[in-house]
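Structure assessment
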Amino acid sequence: MLHADTFRLWNEYKGKKLLLVALSLALLTHGVIIYFTLPKTYDAFVHIFFADHYARFWFEPWEYRWYTGFLTTSYPPLVHQAIALISKIFPLKIAFCIYAIIIIELLIIGVYRFSKLFFDKQIAGIAAILTVVLSSVIETLHVYGQMPTLTGLAFLLNALPFLYQYIVKRKLVYLLMSLSFLAVTVSSHHVTAIFGMAFFIAPTVFMALADDLAVQGKPYKLFGWLLAIIKTAFQKKKELILFGILMLILAIGLIFPYWYWSKTDPITQVSIPHGSRDNFLTHQASGLVFFVIPLMLIVALLPAISYYITVSRRFLGWAVSFFLCLLLGSGGTTPIPKMLLGENAFNILTLDRFGFWASIIAIPFIAKFLFAFLYGSVKQYWVSRFSTKTHFLLSASSGFSYLLFILFIFHLGSFRPLQPKEIEIDPMLNFLNRDEHMRWRYLTLGFGDQMAWLSANSLAATVDGNYHSARRLPELTSRPVERIENAKFSGVEGIASLNDFLSNAEKYSLKYVFSNDRYYDPLLYYSGWNRTIRLENGIMVWEKGNISTIQPIQPKVLHPLLKKAWGIFPLSSLVLAFLLTLWYLKRIKEKDYTATVPESSDQLPVTITYLSSLLPLVFSTSFLINQVYELLLVKEQDTPKNAIVNYYNHLDFQRFEKAFHFFEPSPTYPLDQYLLEKSVTDGGLLPSYAKLDSIHTRELFRSKDAARIQVYTRWRTSLGFREKKDTMQLIRQERKWYLLPPYYTPEIPEEQVRSYTYTLFKRQGKRVISSFPTVKDDRVKKPFAVFRQVNLIRNGNANFITGELLNADDVPVNLALRVQVLFKDNSSRTYYPGTHFQYNLAPKASTFFQVDIDNSRLLDSLQIRSVSVYCDTDISERGYIHGGTPGYSVTALKNNRVQIHTSLYNELPTEINIPGVLVAEKDRQGTIWQTKLLLHEKSARSGLHLSFTHELEKIQQKALRIQQIPITIFINGQLRKILPLQTDNSANNSQGIALISHCFISQEIYLQ
């Protein structure tokens, strides 16, 4: 008896010692690294933004800075409120890091106490240390930054031992303690609270009932045992019902504003794709991030985990929970998760959280195996069967390989960048704070999750946001797009949403765009945006003229009592849990409160011993070898096809030096020559403003040492897809295939020096130096513009307004055009031009335009009463130079198609990056039937000519010009008349085609 007590005391001492070691390790690792990994995480800045909201407006849940406004009651507030309180002393980033460190420490304590429900304290101490280095925890913190998930789980795990003791001992103090911790879980993360009932609380209750039944000492077969547990549950129905009722009251009452919001303003939007729902066998990148990295150790030790979790009947509930979470965490690899969750929940939830919960459930059983492997029966087997040295080498190599794997996760953002490089936000804050720029909304492009960090440091509003459950703008909810900021990663749907906001900027008072990605430059320019200034951090600010300031929006009404409850109850639950814990530790805690946990053996079958001992080493080593192979040892030039595909891959990511090494080594073709020729020949829409979407090759000729390959590439640009075909010659040298440099004939301009052939205009700004709103002396006269024609055209199911506008003034003008259609039920709709329009005109210049409106079926059902066309003008300093002088000829083809041959001479002293023309189809009288923007992929150097060809389908023979609907026009709010229609002789001589130059010039000539 004395020996047993001594062993128990020693075991308890070692368990607490291991817990202290785990807490110290967490402080030295996560505590040091978290500040540096924070900018690269997915969600950290989102939670910082919410924390900033509570720091500014604690009792006001309306947040106006995202999506034109939303209620913060759409997310449980406790985590954000706690960070907000810490931010009163420390800056927001440091406050987030301090809170993260506290939660990791609480999570380790929770795992320690949770593990004592299964095994002794020494195993629990090992489980605590394992939590520090568990890949799923590291990824959740340092890659995802999901603090609400970690907070909810930390308090949930700390609540489970109290709930277990309450079921076993029927003491109300344990009920009180468990509910206090569960209240914090509810206030932190609603998803953890909801699914925690099924995957954590239910197995805990089942295990408590099983242990209570085991005390009786009666032997049962499995079916009889299950019936006996049900009888035991009925015997303790009062305790179970009381817990269930109180838990339901807490879950509803603590975050009642959230449930009220979800009921009165339900989420109705198109499902947003998420990698955790992919088939991991076909989408291996998703499988790596959402399954392999977080669950590699769990899968490697699955034989041992499965044995331990099923060998005892008391673990039956946990076995079901573990395997179910593991299955749901596999995403769309099998159809089972969608069948279990239902299509709606499957398309809303991120399924990686289930894999994360499976890893947490597995921690005690992994710790049990590690104890057996390092000190127990597994070690004895390896020593007796082989030698101590063999066991040491296996242990050391497994531990070292897993350590390298963990280091890889810590630096995952370096090996596989998940976010853009860190952006200095002070220049943008200075821009927003000056000249009343905050009176308009802004948009960020290419910022990643750092857009939330910018929002957290400013009171300026953006139409975008980073919490898609709260958004209600139709341009976002109608498409599977997470954010406008990263529209290019959402394909066609993402660019379509972005185009809606850029074209309909007036609708949301969107005036400024901060661009960190030149990919979007063509769409911005052709949608009427102008570059204003390049900030000190390299961010380009784009501006759109004639945008009205933000109009006051009535916030959604929430009862004052609910606002007070939202600001008081969640944080009170945390304070109460802390105070009750102090009281419990000082007055109530029992030293033997885990005495009801039965002892268990660490013996394993021989097969499982081998598998569980070797698989971690095999998996970790294989993973690291695969990563090293992909980074350093891939044979990129072993076949002609691989050489071409990898060459284009390097070009796509602008790794030009690596791409150069795919060419045949030659002293006459150095890197400088390659870069020089590329700068001369490779500019333009492709590939400067494009991303490679797909590539296909066709072998035209192949011998032992030579090949000719035809390459078909499809490029994704902000203006749509572009396709290209090239033929490449390759030779084989020293077992590698090399590209032969293309023959290049230089084209040299006749003139060696060019002068500026355009006039720059400068708007002087305020006449009165004052920070007060605009006064009479500060107003500038509006430039004068006139409509030459306006037409309503129907072409099948498509309807649009066409016409021509003239800048009749002596200064450049910025035009803001919109069409308002009034229907017979007195409703109206407003439409804006897209890319078929020149938004900025030089003095006396004119432009064609086309404004697309709704389809014929909808318009016929609503019955158009009248059409009003509005044009607002302002003096423009930029954007009015549209490129060189075009010449063209038109050839008639079959089926009402024409071929337009355009010759463009670049008389500007700078390169034209995207040559283009705005084409109008006219009839004999001069009426415009359609307008199209036609672009060329290659750039035009200064002083050189460029020719390109496009085909266009004419619509006069099948379209209808609707003249019975009255059209009225307004210039700067005043009713005007349309000029008499004039015949266009040039168009009549060119098959009814007229065109004007409409080119994009990337050099910032207006910012000089």
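Before reading further, recall that the structure is shown in the block above.
By convention here, each chain's residues receive numbers from 1 onward along its written sequence. Selection of residues for local features in this predicted model requires a pLDDT of at least 70, selection of side-chain atom pairs for listing and counting requires 80 or more, and totals for whole chains, interfaces and linings are taken over all residues. Computation of side-chain values covers all heavy atoms of the structure but excludes hydrogens and water.

**Quick look at the environment of Asp 426**
As a reminder of what qualifies: Working definition: helices are DSSP H or I runs of at least four residues, strands are E runs of at least two. Numbering for both runs from the N terminus.
Structurally, Asp 426 can be placed in helix α22 (residues 426-433). For Asp 426 and Leu 535, which are 109 residues apart along the polypeptide, the C-alpha to C-alpha distance reads 9.8 Å.

**Some points on the sheet that holds strand β20 (residues 916-922)**
For clarity, the threshold we go by: In this description, strands pair whenever DSSP reports at least two bridges between them. Angular values range over 0 to 180 degrees, each being the angle between N-to-C directions of two axes fitted as lines to C-alpha atoms, with helices fitted over their stretch in contact.
Strand order in the open sheet formed by 3 strands is β21-β20-β26, with antiparallel pairing between adjacent strands. Edge strands, defined here as strands with exactly one partner in the open sheet, are β21 (928-935) and β26 (993-997). Averaged over all neighbouring strand pairs, the angle between strand axes comes to 20°, with direction disregarded. Direction of pairing for β20 relative to β26: antiparallel, over a ladder of 5 bridges. Residue pairing for β26: Val 919 is matched across the bridge by Leu 995.

**Quick notes on the pairing of strand β8 (residues 706-717)**
As judged from the 11 bridges shared by strand β7 (residues 690-702) and β8, these two strands associate in the antiparallel manner. Each residue of the ladder has a partner; that of Ala 690, found in β8, is Thr 717. With 12 bridges joining them, β8 and strand β9 (residues 720-733) adopt antiparallel strand pairing. Bridged to Trp 715 within β9 is Arg 722. Between β8 and the antiparallel strand that follows it, β9, lie 2 residues.

**Here's the deal with the packing of helix α5 (residues 121-133) against helix α18 (residues 352-374)**
What counts, and what does not: Small angles under 35 degrees read as roughly parallel and large ones over 145 as roughly antiparallel, with 65 to 115 read as roughly perpendicular and the rest as oblique. Less than a right angle of anticlockwise turn of the near helix away from the far helix marks a crossing as left-handed, whereas a clockwise turn marks it as right-handed. Note on contacts: a residue pair is in contact if any heavy atoms of the two residues lie within 4.5 Å. Polarity classes work like this: nonpolar for Ala, Val, Leu, Ile, Met, Phe, Trp, Tyr, Cys and Pro, charged for Asp, Glu, Lys and Arg, and polar for all others, with Gly in that last group.
Between α5 and α18, the shortest axis-to-axis distance is 8 Å and the interhelical angle comes to 110°. Classified by the interaxial angle, the pair formed by α5 and α18 is roughly perpendicular. The interaxial crossing formed by α5 with α18 has right-handed handedness. Contacts from Gln 122, Ile 123, Ile 126, Ala 127, Leu 130 and Thr 131 in α5 reach Ile 363, Pro 364, Ile 366, Ala 367, Lys 368, Leu 370 and Phe 371 in α18. A class-by-class count of the residues in the contact of α5 with α18 yields 10 nonpolar, 2 polar and 1 charged.

By themselves, these figures tell us nothing about what the structure is for.
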